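# Results of the structural survey
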Amino acid sequence: MPLAVLVLVCLSMISCSHNASNEGQAGHITLINIAGATFPYPIYSKWFDVYHQLHPTIEINYQSIGSGGGIEQLRAGTVDFGASDMPLNDQLLSTFKVKILHFPTVLGAVVPTYNLPGVTEALKFTPQALAGIYLGKITQWNDEALARANAGVKLPDQKIIVVHRSDGSGTTFVWTDYLSKVSPDWKTQVGSNTAVNWPVGLGGKGNEGVSGLVEQTPYSLGYVELIYALQNRLPYGVVCNSSGKFIKATLDSVTAAAAGAAEQMANDIRVSITNAPGRDAYPICSFTYLLIPAQIPDTVKRDTIKDFLHWMMTDGQKYTEALSYAPLPKAVVDIEMKQLAEIQ
Amino acid sequence: MRYRAGWRKTVNMLMLCVTGLCALVTVSVLVLILAYLAAKGWHYLSWSFLTQLPKPVGEVGGGMANAIVGSGKLLLVAAVTGVPVGLMAGIYLAEFGGKTFSFLVRYTTDLLNGVPSIVMGIFIYTIVVLPMGHFSALAGGLALGVMLIPIVVRSTEEFLRAVPGTLLEGALALGASRWRGVATVVIPAAFRGIATGVLLSLARVAGETAPLLFTSFSNRYWSPGWSQPIASLPVMIYTYAISPYRSWRQQAWAAGFVLLALVLLVNIGAHIILSRRYSIQRG
Amino acid sequence: MSTFTGTITQTARPEGSGRARVFLKRLRSGDEIAHLITLIFALFIFLITCLLVYELYLHSAIPRHRFGWHFLVSRVWDPVFEQFGALPFIYGTLVTSALALLIAVPLGVGGAIFLAEFAPTRISDSLTFVVELLAAVPSVIYGLLGIFIVIPLLRDPVDPFLKKHLGFLPLFQGPIYGVGFLAAGLVLAIMIVPFILSISREVLLAVPTEQREAALAVGATRWESTWQVVVPYARAGILGSIFLALARALGETMAVTMVIGNTPQISASLFAPGYSIAAVIANEFTEATGPAYLESLIALGLVLFILTIILNGLARLLILATTRRGTAH
């Protein structure tokens, strides 16, 4: 008897879900699956939600499993398109069966976030300090390299607990790309990729995992996308850019970093803007891309995706600033609009 | 002589205390854990949690209605695929088994039971997800189904063997063929036990997360049909628990509470049904 | 048991269909059909298991050919330069499981002895009921509790305490993160103790009362009767429960990956973060870029599976050995 009741309850819940998902409309639901970066997850989840309100028959299901996951699942064909902070280099592109187009969506910044009990000021990090810490050469908070840049701040005599990503991450790519540019040692020993052989540190899964770890571990230092540090109310440091100024990651400094990018992007839309020239440019930022196959056989999905991309580049950009992402420069949007026609 | 006796008595009392302490520590740690989860989970449980879809990152509110139903759908697929296989194999081992085949089946059932759940996920990924081209509720359900086969086999065989041989012999004496006897006498006699074994196996796989990670994936929306990615309670708990958003972590507790409540209900129910069965037999 | 009352009529038929006819004739009997149907389902299990092993083997070809046996002893896990080695993960899996057993076996067996031998029946039954419920708790929930209770507890006060007083051992040296081998071992121990306790208790209860009474009759104390007569009698079952718990610990994914620190390294210190086979597969599988990376992860899955098989085999041998040595089974 209780068994029968249980079975009845389950069946009714399942039929309810079927009803809910059809929502009494004439058209059937288009479900589009995407996987990829955690870096832009806050803005993407906002976009997909707003877009769903505008077009209730379209559900875009985004799972933030990391840029590496987005790339891999796109290659395996298990998702409709992917999201990655790391653009695919030519060698990687050649392993795909279809041509892949890169559509930059927003600009984001990666910041060094830390948990230092007793220190309230924003710490200043030089490129050499960051490289040294992540190479394992600088191990104490009150090391000379840090103390020199932060005169006046009482740095504790504690070991730095380094935190990095344990999954394949575009945020990692941006971070290691920057470190490779500023530290020849890093470039030869570790290199830049979505997943690297870290000399030191704990691994957290996703931007969420890293910010969670930093939040819970005193004396730790990690790198996360700006919005994660803001939402978690974690202090983050200012970084010295190529002009020698210590710059805080803000919408303006991120936009400044992308200032010169549009010209290069006309040739190849995959451009690295880490350590960008410019007095007020924040040195660790990046475009983040949606990886769209140039050929989409399902016409409904193709049109939906094209419509979404168009919306994203126009109305969608309105939502970026509230979540601390910098919108795309107009010149970049123009390039992308032209690329939109390439999706067949 | 008296000294030796005294020493042995002391040891006796000491070991009684030590083992009692072991039991106490074990039980109290476990009870505290359950209580903590219940308290935290109940605190964050709300009607909106049970009925709403997930909200975008950072926004307060939203729920896991799709994950609750998703888990239900996955279990349905698992039951449909795994239970018949397990039942039939259990019947084979208990009633019909030949020597070599029985050994083979038992050995591989044990082997299958020992497969780590993450390896099961890899297996279903290679044979279902890749050929299908995408993640699906079907793949997730199959992974869970294969995992529950060994449990069902073992409990079916056990309960069938527990039926006194005299019942079957009585049927045979009346002229029934063996299969008729098994089907109409032995299986009904063992039915309660087998049914609870099936329910317990479902409760066990309901909490599995690892095999679902790359088979059913996850979904922020309702998942119609069986060939789309689908949300499930364990995966949502995992995703939300390691996130930095407070409202998500609270939802993880609530989801943990729901999952645990369902699993425990089934287990307690099974316990009651089985003990009632024995008391009926005794009385 | 149906009696055949008809007569066999010989008709002229071609030779080759003879065996088929016999088979089909047998098939008409309900017993044979039932036998066949259940056999097919049972063999299906066999086929699935074979398929599983085959798939694992097939899809781990690249690391096997490129690294060979070196894969098992290499410490490097470098996706950028495509160097993969299994040793840190094997180490992490074994260390956390060993630690879990070290904590769970005394507690579980001790508790089982108390509940089976010393405690009054009512208390024993109700406490066992609670413990058995806990065996049903999903692992992701243990992970949740691990993150929010165990790790803060370890970080302060447990780890500093251990470091202060036992810091001369390499086990307790090094910086304290909270996450790490000790956290994972502790969470695993909590997860497997219900298995050991409930099965051991059942096995102890199954020992015939005559054994206990015989011991008591010659003047043994309750403890002596338990430890020297009952427990050895039940040794096989207790060992079986320990191995069952070990198998569970080895394959445990979610609880471990949430508290182990996800760092592929080998360290003597229990405070250090590590990685286990199941955890790395869970973290990196969906995003392994490139076939070498993906297949190395699958190769790790194969290693874990083989490890489980070996341990299960050892368990059976041990049980066989101890039973034969005359515990009167």
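Residues numbered from 1 in each chain as written. Chains lettered and ligands numbered in written order. Predicted model: local features only at pLDDT ≥ 70, side-chain atom pairs only at ≥ 80, totals over all residues.

This next bit is on the interface of chain B and chain A. When the parts come together, some accessible area is lost, and that loss is often what is quoted as the size of the interface. Residue-level contacts link 26 residues of chain B with 33 residues of chain A. Mapped by element, the contributors of at least two residues to the side of chain B that touches chain A are α3 (65–96) and α5 (117–132) of chain B. Per-element tally for the side of chain B that touches chain A: the top contributor is α3(B), with 3 residues. (Contact = placed C-beta atoms within 7 Å. Helix = DSSP H or I, 4+ residues; strand = E, 2+ residues; numbered from the N terminus.)

This brings us to the sheet that holds strand β5 (residues 124–125) of chain A. Residues and elements named next belong to chain A. One open sheet holds the 3 strands; their spatial order is β5-β9-β10, and the pairing between them is mixed. The open sheet terminates on both sides in strands that have one partner only, identified here as β5 and β10 (246–247). Looking at chain direction, β5 and strand β9 (residues 238–240) are connected through 2 bridges and run parallel. Bridge pairing links Phe-125 to Val-239 in β9. (Pairing = 2+ DSSP bridges.)

This next bit is on helix α4 (residues 99–114) of chain B. Helical geometry note: an α-helix holds 3.6 residues per turn, so side chains three or four residues apart project in the same direction. For α4(B), spanning 16 residues, the distance from its first C-alpha to its last is 23 Å, which sits close to the expected 22 Å at 1.5 Å a residue. Taken together, the buried positions of α4(B) are occupied by Val105(B), Thr108(B), Thr109(B), Leu111(B), Leu112(B) and Gly114(B). (Expected span 1.5 Å × (residues − 1). Buried ≥ 20, exposed ≤ 12 C-beta atoms within 10 Å, placed from the backbone.)

The next thing to look at is the pairing of strand β3 (residues 81–84) of chain A. All names here are of chain A. Residues of β3 alternate between two faces, with Phe-81 and Ala-83 on one and Gly-82 and Ser-84 on the opposite face, all of them buried. Judged from the 3 bridges that link them, β3 and strand β11 (residues 285–293) form a sheet pairing that is antiparallel. Bridge assignment links Ser-84 to a residue of β11, and that residue is Tyr-289.

Before going further, it helps to examine the environment of Trp69(C). Checked against the element boundaries, Trp69(C) lands in the loop between α3 (61–67) and α4 (70–73). Here the alpha-carbon distance between Trp69(C) and Ser241(C), two residues 172 residues apart in the chain, equals 32 Å.

On the side of chain B, 73 residues touch chain C, which itself brings 71 residues to the contact. Sorting elements by how many residues they give to the side of chain C that touches chain B places helix α2 (residues 30–58) of chain C first, with 16 residues. Partitioned by chemical class, the residues of the side of chain C that touches chain B number 49 nonpolar, 18 polar and 4 charged. (Nonpolar A, V, L, I, M, F, W, Y, C, P; charged D, E, K, R; others polar.)

With that settled, the discussion passes to the domain arrangement of chain A. Residues and elements named next belong to chain A. When its domains are assigned, chain A resolves into domain 1 (30–106 + 287–342) and domain 2 (109–265). Using C-alpha coordinates to define each centre, domain 1 is positioned 27 Å away from domain 2. Residue assignment for the side of domain 1 that touches domain 2 shows that the elements contributing at least two residues are α3 (67–76) and α14 (330–340). Residue composition of the side of domain 1 that touches domain 2, by class: 11 nonpolar, 9 polar and 2 charged. (Domains from an automatic or database assignment.)

Residues and elements named next belong to chain A. Overall, the prediction assigns chain A a mean pLDDT of 84, with 92% of residues at 70 or greater. Looking across chain A, the model is least confident in helix α1 (residues 2–22), with a mean pLDDT of 56, and most confident in helix α5 (residues 127–135), with 93. Low confidence marks residues 19–26, where pLDDT is under 50. Its contacts with residues over four positions away, or in another chain, come to 6 contacts. (pLDDT = per-residue confidence, 0-100.)

As a further point, take the environment of Val185(B). When you line up the elements, Val185(B) lands in helix α8 (residues 178–206). In the structure, Val185(B) is positioned 21 residues away from Pro164(B) in sequence and 11 Å away in space, judged by C-alpha atoms.

Core analysis: the biggest nonpolar cluster contains 291 residues, and Ile237(B), Ala183(C), Val187(C), Ile192(C), Ile196(C) and Val259(C) have the highest contact counts within it. Ranked by the residues each element gives to this core, the list is headed by α3(B), at 19 residues. The residue makeup of this core includes at least three contributed by each of domain 1 (30–106 + 287–342) and domain 2 (109–265) of chain A. If we ignore the near neighbours within four places in the chain, the residues touching Val259(C) are Gly143(C), Gly146(C), Ile147(C), Val150(C), Ile151(C), Val179(C), Ala183(C), Ala184(C) and Val187(C). (Core = buried A, V, L, I, M, F, W, Y, C linked by C-beta atoms within 7 Å.)

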